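# Per-entry structural report
What follows is each chain in one-letter form.
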Amino acid sequence: MKTLISTVLLLCTLTVACQSNKSFIKDDLCGFNDPIFTISDDEKTFDVEKYREQLKKRELVLKDNDTFKTRFYMYKDGEITNKQTNKQTNIAKWILYKKKGTIKRVRFIYLNSLLEIGKETNYDTLGNISKVIDHEKGYTICWAEAIEIVKDELKEQLAQYDSVNYVLQRPDLNRTPDAPAIWSVGIAPIPDDNNLETIYHKIDGVTGKYLGKYTVRMVHDLDDDN
């Protein structure tokens with residue numbers, strides 16, 4: 001009997017456009033003054049015993065309204081994570097606590113892409129900062145500025161839509177220091193509303209120059225397997 005197997009492939013086509021050379025640096029766009037990017041003293045510890053039984057049964061939601069949500073989960077090893085979400089910006093703060101409720105790590109996530117942004121802070125057993133990782137190291141243009149550059153470049157095209165979702169990719173120069181500092185800003189859905197295709201626009205992460213675009217297509221490769 002023949003079995004039909006579907007494999008998803010990614011195909012990319014690149015269009016280079018160097019006609020736009022303007023810099024678009026506006027520090028107030030980065031949003032790092034948003035309270036979600038701060039760590040209060042109260043957030044440095046978590047009362048495990050107070051909420052232990054609730055955490056064993058399900059996620060613990062302490063706040064959920066039109067603009068903000070904070071929820072807690074307990075892992076099998078006893079560690080606890082607090083995921084706070086600004087629903088308006090789609091930015092999240094993820095705080096990891098050790099078994100006894102002392103802070104272990106804080107990260108900031110752009111949820112549309114599950115991309116780490118800003119600075120990650122790690123703590124030792126005494127709650128002191130042990131390491132800070134700048135996930136935008138080497139970038140003058142922050143995540144929000146990259147999106148705004150694409151909005152400005154495509155303002156006439158995007159004006160026809162009520163809302164647009166933006167997804168982000170970029171090399172983490174902590175892991176790949178030789179890679180170019182380039183943001184890729186994806187627009188979904190694209191104008192023809194083809195859910196299998198996303199157009200990404202490349203932005204120089206240092207100068208803010210628009211570098212062109214490429215298309216990522218999801219292709220189903222169908223094979224017969226005897």
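Structure: see above.
Residues numbered from 1 in each chain as written. Predicted model: local features only at pLDDT ≥ 70, side-chain atom pairs only at ≥ 80, totals over all residues. Heavy atoms only, no water.

## Here we look at the sheet that holds strand 5 (residues 91-97)
Short version of the rule: Paired strands are those between which DSSP finds at least two bridges. Where helices and strands are cited, they refer to DSSP runs of H or I of at least four residues and of E of at least two residues respectively, numbered from the N terminus. Helix axes use the C-alpha atoms of the stretch in contact, all axes being lines fitted to C-alpha atoms, and the angles between their N-to-C directions lie in the range 0 to 180 degrees. In what follows, a contact means two residues having at least one pair of non-hydrogen atoms within 4.5 Å.
Overall, antiparallel pairing links the seven strands, which are arranged 2-3-4-5-6-7-8 in an open sheet. Each edge of the open sheet carries a strand with a single partner, namely strand 2 (60-64) and strand 8 (129-134). Between one strand axis and the next, the sheet turns by 10° as a mean value, whatever way the strands run. Relative to strand 4 (residues 80-86), strand 3 (residues 68-74) is paired through seven bridges, and the arrangement is antiparallel. Across the sheet, Phe 72 pairs through a bridge with Asn 82, a residue of strand 4. The sheet strands contacting helix 1 (residues 48-57) are strand 2, strand 3 and strand 4, and the helix crosses strand 3 at an angle near 85°.

## As for the packing of aromatic side chains
Remark: the centre distance and the inter-plane angle together describe each pair of aromatic rings, the angle taken between the planes. How we decide: Pairing of aromatic side chains requires ring centres within 6.5 Å, counting the rings of Phe and Tyr and the six-membered ring of Trp. Pairs whose planes differ by under 30 degrees are stacked, by over 60 edge-to-face, and all others tilted. With a 1.4 Å probe rolled over the protein chains alone, any residue whose accessible area is under 20% of its type maximum counts as buried; one over 50% counts as exposed, and the rest are partly exposed.
In the structure shown here, the tally under the stated rule is seven aromatic pairs. Ring geometry for Phe 37 and Phe 108: centres 5.0 Å apart, planes at 45°, overall tilted. Of the two residues, Phe 37 sits in the loop between strand 1 (3-16) and helix 1 while Phe 108 sits in strand 6 (residues 103-110), which places them 71 residues apart along the sequence. What makes Phe 108 buried here is its relative accessible area of 6%.

## Some points on the pairing of strand 5
When you tally the buried positions in strand 5, you get seven out of seven residues, the bulk of the element. The sheet contact formed by strand 4 and strand 5 spans seven bridges and is antiparallel. Each bridged residue has a counterpart across the sheet, and for Asn 82 the counterpart in strand 5 is Ile 95. Connecting strand 4 to the antiparallel partner strand 5 that follows it, the hairpin turn spans four residues, and Asn 90 within it adopts a positive phi of roughly 60°. Of the strand pairs in this sheet, strand 5 and strand 6 are connected by seven bridges, and their pairing is antiparallel. Its bridge partner being in strand 6, Leu 96 is matched across the sheet by Arg 105. Adjacent in sequence and paired antiparallel, strand 5 and strand 6 are bridged by five residues, among which Gly 101 carries a positive phi angle near 95°.

## A short note on unusual backbone geometry
Its identity is not glycine, yet Asn 90 carries a phi of approximately 60°, on the positive side. Under the relative-accessibility criterion, Asn 90 is labelled partly exposed at 22%. Positive phi outside glycine occurs at Leu 114, with the angle close to 50°. Checked against the element boundaries, Leu 114 lands in the loop between strand 6 and strand 7 (115-123). According to the relative accessible area criterion, Leu 114 is exposed, its value standing at 59%.

## Points about the pattern of salt bridges
Close approach of charged atoms allows side chains of opposite charge to pair. Our working definition: Here, a salt bridge means any side-chain nitrogen of Lys or Arg that lies within 4 Å of a carboxyl oxygen of Asp or Glu.
Scanning all chains against the criterion turns up 12 salt bridges. Across the salt bridge formed by Glu 49 and Arg 52, the nearest N and O atoms sit 2.7 Å from each other. Here Glu 49 and its partner Arg 52 are both found in helix 1, three residues apart, which amounts to about one turn of the helix. On the basis of relative accessibility, which here comes to 59%, the residue Glu 49 falls in the exposed class. According to the relative accessible area criterion, Arg 52 is partly exposed, its value standing at 24%. Across the pair Arg 71 and Glu 59 runs a salt bridge whose closest N-O atoms are separated by 3.8 Å. Here the residue Arg 71 occupies a position in strand 3, and Glu 59 occupies one in the loop between helix 1 and strand 2, the gap between them amounting to 12 residues. Put simply, Arg 107, Glu 116, Asp 172 and Arg 175 are held in one network by salt bridges that share partners.

## Description of the state of the cysteines
Rules: When the sulfur atoms of two cysteines come within 2.5 Å, that pair is taken as a disulfide.
Counted by the stated rule, this structure contains one disulfide. There is a disulfide in this structure between Cys 30 and Cys 142, and the S-S distance comes to 2.3 Å. Between Cys 30 and Cys 142, the S-S dihedral sits near -105°, and the bridge is therefore left-handed. Taken together, the positions of Cys 30 in the loop between strand 1 and helix 1 and Cys 142 in the loop between strand 8 and helix 2 (143-153) put the pair 112 residues apart, joining distant regions of the chain. Note on accessibility: Cys 30 and Cys 142 belong to one class, buried.

Don't take any of this as a statement about function, it's just geometry.
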